[in-house]
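Notes for the structure review
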Amino acid sequence: MKNSMARESSFCALMVIGLACGITSLSGEESSEAEDLLRFRNGDSLHGAFLGLKSGELRWRHSEARDPISLRTEKLRRLSFNGGRARKNLGSPSFVQLADGDRIPGTLISLTREELLMDTEFAGEVSIPREFVSRISPRPHGGLVHYIGPFSAEEWSVIEQPGKDAEEKEDEDEPPKKPWIFSGGAYYSNSQLPIAFDTKSTDQVRIRFTLAWRNRLNAAIAFHATLKQPSPAQEEDNKDGDQDKPEKKLNEKQQVAGSKGFAYTYGHSYVLTIYSNYAQIYRCDFTDEGEADMDRLSNSSANLRLDEAGQAEFELRCDRTSGTIALFANDRFVSQWTDHRGYVGTGSNLAFASQNSSARLRVSDVIVTAWNGMMDSAQSMETEDRDVILLTNGTDRFSGELNSLQDGTFSIKGTYAEMKVPHEDIQEIRLARSAQTGEDEEEASRQRVRLLLQPYGRLTLLPLEATADRLRGRHPALGELTLNLQYAGLMEFSFGSSVLDSWDDDY
């Protein structure tokens with residue numbers, strides 16, 4: 001009752017502001033040309049343009065308002081710039097990750113035992129005390145980047161399936177929901193229809209993505225998919241000249257529920273199914289008659305321990321030449337599969353789907369890169385008292401003490417020798433946990449904002465003042481700095497450790 005009254009009070013306050021300023025719509029349906037969107041903690045939204053920030057108040061312009069509006073930031077949840085898409089994308093793939101989860105993209109300049117110096121596109125040169133750093137990634141992807149995103153609603157396509165639309169229309173009086181919604185750099189599922197795009201990837205590829213879920217996790221991820229089914233029309237034509245029957249038969253098969261329908265949906269492909277406790281991979285092939293030939297690849301163990309409602313980062317490493325597939329979850333090796341019948345995934349499409357009608361998925365931070373084919377779990381080698389270095393060749397790794405970076409070369413003291421390694425040969429360095437410090441997540445959220453930079457950056461800081469394009473703030477590790485907001489896609493005013501805190505699918 002109390003929350004309901006607070007929500008009603010907040011909404012009424014917004015209505016008063018709207019009437020005074022001549023605003024006709026809070027939902028933004030009549031002002032779709034506006035670039036920015038404000039989301040309030042009570043669920044209300046307001047389209048317009050961000051003008052600035054100072055002393056706990058945000059200045060906002062609406063197309064129907066005569067004057068700028070001032071809003072208390074304590075009532076706000078999230079600001080989406082330009083539809084959740086930054087006006088500029090960062091060019092450097094390298095980054096430094098802090099112990100509190102912040103990710104600082106930029107070019108490494110130097111490193112000592114006390115501090116790390118970086119050149120950033122969004123804030124110029126910044127100095128970071130080494131004790132705040134948990135990971136240094138000079139070449140995080142380790143190869144050619146085929147895709148990174150998503151950044152817009154037009155990038156991916158929904159795979160329509162016969163009969164699905166009619167099944168999902170529960171109320172004729174309400175307009176049907178879109179099967180997937182793009183909002184703030186992520187896709188949110190509203191149905192069991194898959195969403196897919198062509199990665200243009202090659203035989204050896206690494207596919208990294210973040211999944212968040214509500215209710216029980218039950219996701220299907222198709223990769224190296226053709227999204228095409230072999231047509232048996234020619235074979236049937238040779239028999240009886242009837243080309244219509246096979247096509248009709250094939251469409252009926254597309255409606256088959258469960259894993260048997262994977263082949264008819266994704267064509268020649270592999271489909272990874274992920275549950276809270278385990279994962280498995282299906283091999284999708286067809287017989288000469290066009291019938292689905294489905295097999296589940298065997299493996300020793302693919303156990304997972306994921307929350308019922310949460311978030312996890314996954315990585316697939318696929319090699320057509322050897323027929324091997326490996327899965328990592330939250331940087332930990334899960335399992336490896338080998339297709340002894342030959343690699344059947346001849347396409348380059350990637351697709352995601354929720355297999356549970358009552359569950360929902362959020363897909364974000366998708367990165368597809370080339371890969372050298374070496375199965376390696378060095379990312380899981382983080383230790384308490386030693387720094388772990390992984391080279392870009394994917395096989396060589398060693399531990400020791402990271403001393404410095406000077407003139408593009410890292411100095412590393414190993415157990416038996418001191419090594420000099422060029423920064424371009426290093427994919428990632430994970431610093432010893434005992435040397436790290438950072439703020440508590442709850443403490444960091446107090447009176448602070450979180451900026452999400454595209455394609456891959458995050459800063460949590462205390463805002464001092466901001467204009468439409470610049471924000472001056474104080475960061476616990478970087479100190480006081482001025483940020484170029486053209487690289488920001490989102491500014492969050494309310495956040496926490498729970499994935500549900502950042503679940504915003506109503507742009």
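Located above this text is the structure these notes cover.
Residues numbered from 1 in each chain as written. Predicted model: local features only at pLDDT ≥ 70, side-chain atom pairs only at ≥ 80, totals over all residues. Heavy atoms only, no water.

The next thing to look at is the environment of Tyr282. Of note, Tyr282 is situated in strand β20 (residues 279–286). A polar atom in the side chain of Tyr282 sits 3.0 Å from the side chain of Gln280. (Helix = DSSP H or I, 4+ residues; strand = E, 2+ residues; numbered from the N terminus. Polar contact = N/O pair within 3.5 Å; in protein donor to acceptor, adjacent residues only side chain to side chain.)

Counting buried residues along strand β18 (residues 218–225), 8 of its 8 residues qualify, which places the element largely inside the surrounding structure. Sheet topology places β18 next to strand β19 (residues 269–275); 6 bridges connect them, and they run antiparallel. Paired with Phe223 across the strands is Tyr270, a residue of β19. Sheet topology note: the β18/strand β25 (residues 349–354) ladder contains 5 bridges and is antiparallel. Each bridged residue has a counterpart across the sheet, and for Ile221 the counterpart in β25 is Phe352. (Buried < 20%, exposed > 50% of the residue type's maximum accessible area, 1.4 Å probe, protein only. Pairing = 2+ DSSP bridges.)

What the rule picks out here adds up to 17 aromatic pairs. Look at Tyr275 and Tyr278: their rings are 4.8 Å apart centre to centre, the planes differ by 25 degrees, and that puts the pair in the stacked class. Linked through ring pairs, Tyr147, Trp156, Phe182, Tyr187, Phe197, Phe209, Phe314 and Phe352 together constitute an aromatic cluster. Over the ring of Phe95 we find Arg103, and its NZ or CZ is 4.2 Å from the ring centre. Above the plane of the ring of Phe328 lies Arg317, whose end atom (NZ or CZ) is 4.0 Å from the centre. (Phe/Tyr/Trp six-rings, centres within 6.5 Å; stacked < 30°, edge-to-face > 60°. Lys NZ or Arg CZ within 6 Å of the ring centre and 35° of its normal.)

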